[in-house]
Amino acid sequence: MNGARTLPFAIFRHVVLAAGAVVMIAPFIWLLSLAVKPADEIFTTDIRLLPIRWDAERNFTEAFSKVPLHRYLLNGVIVTAAIFFLQVLVALPAAYALAKLRFGLSRPLFALVLLGLLIPGHVPAIPHYIMLSSAGLLNSYAALVLPSIISVFGIFWIRQFFRTVPDDLIHAARLDGLSEFSIVWRIMLPAAIPALTAFGILSVVFHWNEYFWPLLVVTSPDMATPALGTVYLRNTEAGTDYGPLMAGTAIITAPLVIAFLLAQRRFIEGMTLTGLKG
Amino acid sequence: MSGVSIQRISKSFGQTRVLRDVSLEVGPREFLTLLGPSGCGKSTLLRIIAGLEQADEGSIALGGQQVDGLLPRQRDVAMVFQSYALYPYMTVAENIGLPLLMRRTRAWQRLPLIRRLHPVARAAAGTIATDVRRAAEALQIAPYLERKPSQLSGGQRQRVALARAMVRNPRVFLMDEPLSNLDAKLRVSARAEIADLHRRAGVAFIYVTHDQAEAMTMSDRVGLMMDGEILQVAPPGEIYDEPAALRVAEFIGSPKINTLPGVVRADGGVAVPGGVLEGGSGLAAGTEVVAGIRPEHWILGMSGASGSLGALSGTVRHLENLGSDLFLYAESQGGGPLLTVRAAPETVRQVSPGTAVALKPRPGRVLLFDRSGQRLRARP
Ligand SMILES: Nc1ncnc2c1ncn2[C@@H]1O[C@H](COP(=O)(O)OP(=O)(O)O)[C@@H](O)[C@H]1O
Ligand SMILES: [Mg+2]
């Protein structure tokens, strides 16, 4: 290929990508901009990113004092961590059995997992609600965590990864005296770390941002997750006070963005895992 | 009491019969090699002995004990895999020590904190470390104990796999082509090492390979396997000199044995295209046979004039001089595929492509098989 053809194309490509990036990022830039502006600068007609007078401190203190933001963040950490931990606890043995054990129901069970992938997450919401309600568990961490601990996607994803682990490794472990559960935790778990990292990122992002389910089962603010917390913040009288609202939103979004920036490489590695050999 | 006793094992995967009625006795301190082309069922048989695969029929006893219902870990066998199957996330020491850890400690003693604090668990860890070090020193891998398998060369990995197998003193060793991933030079030195390991361990070894040099050099006996059957079990010299079937004769020996179709004559000669061979006495005249003559069992004559009893004449087509050996490929006057002849390297001064030669088998060195490939014993 000659330079005359590639250069214009490269420029064109970057312009398109840059335009896309601007569309995606603009709301966040605007959010950050509003979070540091005083109220009287927010509704001016001229567009400026940086405020004339910085008012970040008032907006952020206001956000923390109007609602228990730290409580929402803590709830978010507890709920997402518990969900991920339990998902792994369920998915690893299930994926191992589906990938490596030969038993009569193996194929039908895997078909059920695939079927589970096709069912939208909101479909079982009402049955789940009724079950939790009759167990008296509404408005608790259990209500937020339990419905999510079986992730068919997680089972499927890790099962595909386990298929690439050589059978000889499992045979060697059986001869060395490991039980099937020991094989899962001692041999398969370390091998699955890259797949688990990718799955973990997806799981944590999803449940940190989950709004629908917490809205159903949470009735008191001290059980609210971050996404629900933003709505509580909006419903207080500060809801019309855009500075603190944007400051609170920024704080709730920040942990995920920071985590992504720190783990960016792992994230991309995980997403391209399909080409990786065991 | 036998080391390993295999009784009438059969195994199918779906419609394919991988093992047909395999029986085998291995002595308590014997080194037995299963030799056969790839895909003939060698690995499947090893996995069945180890309990990793279930046989459809038949039964297995180890050291006189029936083990058919036992889990792999209850059978007390160790296996070395072609791929080595080292645990990639553990160090060399952890790899070698795992079988000991699983046998000498209980599950709760292996929990993270207890492992370090509980006196029994700590004592076990101490004896394990000692045994791991001893095994590693025996195989000269002690300097690498803290490395991960990915930081080792192929030869070192292979030794780690051997160390992991020998560290717990199993009653049977199973080895599935453990040398096939090594380069040629290393393979030769590793052979001696495995033979040495066998002497020290003093237990039964079942060694699987498709490489006849390994089988011939290391084993007490060789079992030749093809298409899921064991065709012959015999000491290396015997399986070479007295093959029980044409397939055995053709598989063992390199270059391959020469085969000529023939008919037994009334005088005990065997008429083959282009001449008559000796060795058919005692067989009924008119019996259709296949005569097999190994390349080193020809007597090479230089005169083109022949036709006398017991000789073939032909023309040299091609020479391969390996330095230690000279192989001639000669076209027989009777046609058929080129005959392979091993000659002394000095002969190279007398022959070149086009030279006319006379070939005669050494007395008593013609192997006769019936047309279905079974050996015919025709000694007078
Ligand atoms: N788990 C399995 N499922 C289906 N076919 C198998 C399985 N394992 C082995 N086979 C088949 O059985 C035959 C013998 O295999 P194997 O025992 O590995 O041969 P070898 O070790 O002599 O090369 C091969 O044709 C192989 O394809
Ligand atoms: Mg094999």
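Residues numbered from 1 in each chain as written. Chains lettered and ligands numbered in written order. Predicted model: local features only at pLDDT ≥ 70, side-chain atom pairs only at ≥ 80, totals over all residues. Heavy atoms only, no water.

Another point: the sheet that holds strand E13 (residues 275-277) of chain B. Residue and element names in this part refer to chain B. Strand order in the open sheet formed by 6 strands is E13-E12-E11-E14-E20-E21, and the pairing between neighbours is antiparallel. If you trace the sheet from one side to the other, it starts and ends with E13 and strand E21 (375-376), each paired once. Here 3 bridges tie strand E12 (residues 270-272) to E13, and the two strands are oriented antiparallel to one another. Following the sheet pairing, Val272 is matched in E13 by Gly275. (Pairing = 2+ DSSP bridges. Helix = DSSP H or I, 4+ residues; strand = E, 2+ residues; numbered from the N terminus.)

All names here are of chain B. Here we have 6 strands laid out as an open sheet, ordered E6-E7-E8-E3-E9-E10, and mixed in their pairing. Across the chains shown, the open sheet's two edge strands, defined by having one partner strand only, are strand E6 (77-80) and strand E10 (229-234). Strand-to-strand, the axes of this sheet are offset by a mean angle of 20 degrees, without reference to chain direction. The pairing of strand E7 (residues 172-176) with strand E8 (residues 204-209) spans 5 bridges and is parallel. Within E8, the position partnered with Phe173 by the bridge is Phe205. Helix H1 (residues 42-50) rests against strand E3 (31-35), E6, E7, E8 and strand E9 (221-226) of the sheet, and its axis sits at about 150 degrees to E7. Across the face of the sheet, helix H6 (residues 184-201) comes into contact with E3, E7 and E8 while running at roughly 160 degrees to E8. (Axes fitted to C-alpha atoms, helices over the stretch in contact; angles between N-to-C directions. Contact = heavy atoms within 4.5 Å.)

Time to look at empty space enclosed by the protein. In this approach a probe as big as a water molecule rolls over the atoms, and the regions it shows empty are the leftover space. By the definition in use, this model includes 3 cavities of 30 Å³ or more. Its boundaries defined by the atoms lining it, the largest cavity holds a volume of some 60 Å³. What lines the largest cavity is simply A:Ala172, A:Leu175, A:Asp176, B:Ala78, B:Met79, B:Phe81, B:Arg164, B:Ala165 and B:Arg168. Broken down by secondary-structure element, the contributors of at least two residues to the lining of the largest cavity are helix H9 (167-175) of chain A together with E6 and helix H5 (154-166) of chain B. The residue inventory of the lining of the largest cavity, partitioned by class, reads 6 nonpolar, no polar and 3 charged. (1 Å grid on protein atoms, 1.4 Å probe; cavity = no way out; pocket = protein on both sides within 12 Å on 5 of 7 lines; lining within 4 Å. Points joined across faces, edges and corners; volume = space filled by probe spheres on them. Nonpolar A, V, L, I, M, F, W, Y, C, P; charged D, E, K, R; others polar.)

Residue and element names in this part refer to chain A. Two elements in contact, helix H3 (residues 56-66) and helix H14 (residues 242-262), have axes whose closest approach is 8 Å; the angle formed by their N-to-C orientations is 75 degrees. Comparing their axes, H14 and H3 come out roughly perpendicular. Of the residues in H14, those in contact with Arg58, Asn59, Phe60, Glu62, Ala63 and Phe64 of H3 are Gly243, Pro244, Ala247, Gly248 and Ile251. (Parallel < 35°, antiparallel > 145°, perpendicular 65-115°, else oblique.)

Listed as interface residues are 25 residues of chain B and, on the opposing side, 17 residues of chain A. Here chain B meets chain A over a buried area of about 1900 Å², counting both sides, of which 61% is carbon and sulfur. Of all residues in chain B, B:Arg73, B:Tyr87 and B:Tyr89 bury the most surface against chain A, accounting for 28% of the area lost on that side. The tally of links between chain B and chain A comes to 2 salt bridges. The salt bridge involving A:Arg102 is made with B:Glu53; its shortest N-O contact spans 2.9 Å. Our enumeration of links across chain B and chain A arrives at 7 residue pairs in polar contact (both at pLDDT 80 or more). (Buried area = accessible area lost by both parts, 1.4 Å probe. Salt bridge = Lys/Arg side-chain N within 4 Å of Asp/Glu carboxyl O. Polar contact = N/O pair within 3.5 Å; in protein donor to acceptor, adjacent residues only side chain to side chain.)

Turning our eyes to something else, we now look at the domain arrangement of chain B. Residue and element names in this part refer to chain B. Examined at the domain level, chain B breaks down into domain 1 (4-246) and domain 2 (256-376). Its C-alpha centre places domain 1 at a distance of 42 Å from the equivalent point of domain 2. For the domain 1 and domain 2 pair, buried surface summed over both sides reaches about 790 Å², with 50% attributable to carbon and sulfur atoms. In terms of surface lost to domain 2, no three residues of domain 1 exceed Tyr240, Pro243 and Leu246, which account for 65% of the buried area on that side. Where domain 1 packs against domain 2, one counts 2 salt bridges. Arg375 is paired through a salt bridge with Glu242; the nearest N and O atoms lie 3.0 Å apart. Taken together, the links from domain 1 to domain 2 amount to 6 residue pairs in polar contact (both at pLDDT 80 or more). (Domains from an automatic or database assignment.)

Here the focus is the site of ligand 1. Residues and elements named next belong to chain B. The environment of ligand 1 is formed by Phe13, Val18, Pro37, Ser38, Gly39, Cys40, Gly41, Lys42, Ser43, Thr44 and Arg47. Here an oxygen atom of ligand 1 sits 3.2 Å away from a polar atom, N or O, in the main chain of Cys40. Residue Gly41 places a main-chain N or O atom 3.1 Å away from an oxygen atom belonging to ligand 1. Protein burial of ligand 1: of its 550 Å² of free accessible surface, 59% is covered by the chains. Ranked by the residues each element gives to the shell around ligand 1, the list is headed by H1, at 4 residues. Of the residues in the shell around ligand 1, the class split is 4 nonpolar, 5 polar and 2 charged. (Near = heavy atom within 4 Å. Areas by Shrake-Rupley, 256 points an atom, 1.4 Å probe, with all protein chains shown as cover.)

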